[in-house]
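# Reading the structure
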Amino acid sequence: MSREGVLWTYTMVRHRPPGNYQMPEPFKPFAMGLVDLPDGLKVLSRVEVEQDAIKIGMPLKFHPFVLRRDEAGAEVVAFDFQVA
C-alpha cells in the first residue's frame, strides 16, 4: 500500500461515535476521508487536518501512531492520514 495519496472525498464527524470509541478525550470533531492511493486503492481513514483547511484533492501521507497500551502493556497501533 502506498504511503501517499490524495483526498478523494470527506465528511466531518461532529458527534462522538457510539460504542467503544478509543480516541483521546475530550472528543474533538474530525474529518473522515476517502484517500485515493496511486496503486488504485481507496482507504477510508481519519484525516488529521484543521476543519477550515481540508480540501478535496489535497495531498496526504500515511501516519501510523500508538493509540494506547493494552492491559498487558503492548502497544495498540492505529493510523490516520495527514497533510503531506
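Each remark here, short or long, concerns the structure printed above.
Presented here is an overview of the structure given in this document. Sequence positions are assigned chain by chain, starting from 1 and proceeding in written order. Only residues with pLDDT of 70 or above have their local features reported here, since the model is predicted, and side-chain atom pairs are shown and tallied only from 80 upward, although totals for entire chains, interfaces and linings are computed over all residues. As a rule here, side-chain values come from all non-hydrogen atoms in the structure, and water together with hydrogens is ignored.

### Remarks on the overall build of the protein
- The number of helices and strands found in the protein is zero helices and five strands.
- Considering only C-alpha atoms, the protein reaches an extent of 40 × 30 × 20 Å along its principal axes.
- Per-residue and other accessible areas were derived by the Shrake-Rupley procedure at a 1.4 Å probe size, with only the shown protein chains allowed to occlude residues. Approximately 5700 Å² of the protein is accessible, and the part contributed by carbon and sulfur atoms is 56%.
- Computed over 10 positive and 11 negative side-chain charges, the separation of the two mean positions in the protein equals 3 Å. Starting at the N terminus, helices and strands are each numbered in turn, a helix being any DSSP run of H or I of at least four residues and a strand any DSSP run of E of at least two. Asp and Glu count as negative and Lys and Arg as positive, but His and the ends of the chain are not part of the count. By convention, charge coordinates are those of NZ in Lys, CZ in Arg, CG in Asp, or CD in Glu.

### Considering the nonpolar core
- Think of a nonpolar core as a cluster: buried Ala, Val, Leu, Ile, Met, Phe, Trp, Tyr and Cys residues, connected wherever their side-chain atoms sit within 4.5 Å. Only protein chains enter the accessibility calculation, which uses a 1.4 Å probe; a residue whose area is less than 20% of its type maximum is buried, one above 50% is exposed, and one in between is partly exposed. If you look at the biggest cluster of nonpolar residues, it comprises 13 residues, and the most contacted ones within it are L7, V47, I54, M58, L60 and F81.
- Secondary-structure elements contributing two or more residues to this core are β1 (4–13), β2 (30–36), β3 (42–48) and β4 (59–69).
- Contact criterion: two residues are considered in contact whenever any of their non-hydrogen atoms come within 4.5 Å of each other. Once you skip the residues sitting within four places of it in the chain, V47 turns out to touch L7, A31, G33, I54, L60 and F81.
- The next biggest cluster of nonpolar side chains, apart from the first, holds seven residues, and it includes V13, Y21, F27 and F65.

### Quick notes on the layout of surface pockets
- Roughly 350 Å³ of volume is contained in the largest pocket.
- Cavities and pockets were defined on a 1 Å grid built over protein atoms only: a cavity is a set of grid points that admits a 1.4 Å probe from which the probe cannot escape, a pocket is an open set flanked by protein on both sides within 12 Å along at least five of seven lines, and lining residues are those with an atom within 4 Å of any such point. Around the largest pocket, the lining comprises 18 residues; the ones closest to its centre are K28, P29, F30, R46 and E48.
- Top element by residues in the lining of the largest pocket is β3. It accounts for three residues.
- Gly is placed with the polar residues, together with every amino acid not listed as nonpolar (Ala, Val, Leu, Ile, Met, Phe, Trp, Tyr, Cys and Pro) or charged (Asp, Glu, Lys and Arg). For the lining of the largest pocket, a count of residues per class yields 12 nonpolar, one polar and five charged.
- Grid points are joined across faces, edges and corners, and a volume is the space filled by probe spheres set on the points. Here the second largest pocket defines a volume of roughly 150 Å³.
- Counting residues per element, the ones that place at least two in the lining of the second largest pocket are β2, β4 and β5 (75–83).
- In terms of residue class, the lining of the second largest pocket is built from nine nonpolar, no polar and one charged.

### A closer look at the sheet that holds β3
- By definition, two strands form a pair when at least two bridges between them are found by DSSP. Around the barrel, which closes on itself, the five strands sit in the order β1-β2-β3-β5-β4 with mixed pairing between neighbours. With direction set aside, neighbouring strand axes in the sheet form an average angle of 50 degrees.
- Across two bridges, the pairing between β3 and β5 is parallel. The residue bridging E48 from the neighbouring strand is Q82, located in β5. Whenever a helix is involved, its axis is fitted only over the stretch in contact; in every case the axis is a line through C-alpha atoms, and angles between N-to-C directions fall within 0 to 180 degrees.

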